[in-house]
Amino acid sequence: MRLPSIAIDQMRAYPPRMTEFTQRFWSDLALGRLTTTRCDACGKLTFPPKPFCPHCWSRAVQWTDLAGRGTLYSQTVIHAAPAAFAHEVPYRVGIVDLDEQVRIATRILADREPRLGGAVQIVTLSYRDGPLFAAQPV
Ligand SMILES: [Zn+2]
């Protein structure tokens with residue numbers, strides 16, 4: 001399934017550092033898929049994806065799709081941002097509990113304060129130079 005996508009006609013303010021391992025994540029995200037790794041040994045998911053399992057240290061991990069739905073655990077508004085994001089203030093960030101029991105930190109797209117515990121959808125932000133992701137209350 002494909003995440004909703006929002007086109008943003010700008011370059012990313014602070015592009016993610018790409019490694020040989022994380023390349024897969026960013027390629028999938030560009031195709032509208034939120035992916036991460038699942039451990040073959042203990043079955044636990046990890047986000048962000050890692051080449052090893054931080055729960056049991058196994059290196060037997062597989063890529064897997066996340067549905068991109070969850071609930072908002074916490075959020076705040078950033079007014080004093082790092083220099084790279086200063087032109088974007090105020091903006092909202094938060095913590096989302098995905099339906100697969102993975103807790104992620106992400107930008108929150110909401111003009112008004114969203115309800116904690118409310119449902120959110122992960123969306124792809126399609127910048128000119130590549131994708132990012134964010135959560136949007138639904
Ligand atoms: Zn494990």
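Conventions used here
Starting afresh in each chain, residues are numbered from 1 along the sequence in its written order. In view of the model being predicted, local features appear only for residues whose pLDDT reaches at least 70, and side-chain atom pairs are presented and counted only at 80 or more, with totals across whole chains, interfaces and linings using the full set of residues. The basis for the side-chain values is all heavy atoms of the structure; hydrogens and waters are excluded. Numbering goes from the N terminus for both helices and strands, where a helix is a DSSP run of H or I of at least four residues and a strand is a run of E of at least two. Each radius of gyration is computed over the set of C-alpha atoms, and the globule rule expresses the reference value as 2.2 Å times the number of residues to the power 0.38. The rule is simple: take the accessible area with a 1.4 Å probe, protein chains only, and divide by the maximum for that residue type; under 20% is buried, over 50% is exposed, in between is partly exposed. By definition, residues are in contact when any of their heavy atoms lie within 4.5 Å. Per-residue accessibility takes into account occlusion by the displayed protein chains alone, with areas from the Shrake-Rupley method and a 1.4 Å probe. Just so you know, the count uses Lys and Arg for positive and Asp and Glu for negative, and it drops His and the chain ends. Charged side chains are reduced to one point each, which is NZ for Lys, CZ for Arg, CG for Asp and CD for Glu. Whenever a nitrogen or oxygen atom comes within 3.5 Å of another N or O atom, the pair is scored as a polar contact, on the condition that within protein one atom can donate a hydrogen and the other can accept it, and that pairs from neighbouring residues in sequence are kept only if both atoms are in side chains. We call two strands paired when DSSP finds no fewer than two bridges between them. The rule for a salt bridge is simple: a side-chain nitrogen of Lys or Arg has to be within 4 Å of a carboxyl oxygen of Asp or Glu. Water is absent from the atoms considered, so a metal site may look incomplete; donors are defined as N, O and S atoms within 2.8 Å of the metal, or 3.2 Å for Na, K and Ca.

## Re the overall build of the chain
No. 1: When you go through the chain residue by residue, the secondary structure sums to 1 helix and 9 strands.
No. 2: Helices and strands appear in the chain in the N-to-C order β-α-β-β-β-β-β-β-β-β.
No. 3: Computed over the C-alpha atoms, the radius of gyration of the chain is 15 Å, within 12% of the 14 Å expected from 2.2 N^0.38 for a compact globule of 138 residues.
No. 4: Residues counted as buried form 37% of the 138 residues belonging to the chain.
No. 5: For the chain, long-range pairs separated by at least 24 residues make up 53% of all intrachain contacts whose partners lie at least 6 apart in sequence.
No. 6: In the structure as shown, the chain presents an accessible area of about 8,100 Å², 53% of it carried by carbon and sulfur atoms.
No. 7: For the chain, the separation between the mean place of its 16 positive charges and that of its 12 negative charges on side chains is 3 Å.

## Quick word on the side chain of Ser58
No. 1: Relative to the helices and strands, Ser58 is located in the loop between β3 (45–46) and β4 (61–66).
No. 2: Within the structure, Ser58 has its side chain in polar contact with the backbone nitrogen of Ala60 (distance 3.0 Å).
No. 3: With residues up to four places along the chain from it excluded, the contact list for Ser58 reads Cys39, Ala41, Phe52 and Cys53.

## A closer look at the sheet that holds strand β2 (residues 34–39)
No. 1: Read across the sheet, 3 strands follow the order β3-β2-β4 without closing on themselves; strand pairing throughout is antiparallel. Two strands in the sheet have a free side with no partner beyond their single neighbour: β3 and β4.

## Examining the pattern of salt bridges
If the charged atoms of two oppositely charged side chains come close together, the side chains can form a pair.
No. 1: This structure, assessed with the given rule, holds 7 salt bridges.
No. 2: One salt bridge in this structure joins Arg128 and Asp9, with 3.2 Å as the shortest N-O distance. Of this pair, Arg128 sits in the loop between β8 (119–127) and β9 (130–137) while Asp9 sits in the loop between β1 (5–8) and α1 (23–30), and the two are 119 residues apart along the sequence. Each member of the pair, Arg128 as well as Asp9, is classed as exposed.

## Thoughts on the coordination of the zinc ion
No. 1: Taken together, Cys39 (SG), Cys42 (SG), Cys53 (SG) and Cys56 (SG) make up the protein donors of the zinc ion, found 2.3 Å from the metal.
No. 2: Spacing between the donor residues of the zinc ion along their common chain follows C-x2-C-x10-C-x2-C. Taken together, the residues Cys42 in the loop between β2 and β3 and Cys56 in the loop between β3 and β4 connect sequence positions 14 residues apart.
No. 3: On the accessibility criterion, Cys42 (34% relative accessible area) is partly exposed.
No. 4: Taking the relative accessible area as the measure of exposure, Cys56 reaches 33% and is therefore partly exposed.

## Overview of the environment of Pro16
No. 1: Here Pro16 lies in the loop between β1 and α1.
No. 2: Looking at Pro16, the relative accessible area reads 22%, which means it is partly exposed.
No. 3: Placed 57 residues apart in sequence, Pro16 and Tyr73 show a C-alpha to C-alpha distance of 24 Å.
No. 4: Once residues lying within four places of it in the same chain are set aside, the contact partners of Pro16 are Trp26 and Leu132.

## Some details on unusual backbone geometry
In terms of backbone geometry, most residues other than glycine have negative phi values and most peptide bonds are trans.
No. 1: Here the residue pair Phe47 and Pro48 is connected by a cis peptide bond, since its omega of 0° sits within 30 degrees of zero.
No. 2: One can find Pro48 in the loop between β3 and β4.
No. 3: Here the amide bond leading from Val89 into Pro90 is cis, since omega sits at -10°, within 30 degrees of zero.
No. 4: Note on placement: Pro90 falls in the loop between β5 (69–78) and β6 (91–98).
No. 5: Even without a glycine there, the phi angle at Trp57 is positive, about 70°.
No. 6: You can see Trp57 is positioned in the loop between β3 and β4.
No. 7: Its identity as a non-glycine residue notwithstanding, Gln101 has a phi of 70°, on the positive side.
No. 8: Assignment of secondary structure puts Gln101 in the loop between β6 and β7 (103–108).
No. 9: Note on Gln101: relative accessible area 74%, which makes it exposed.

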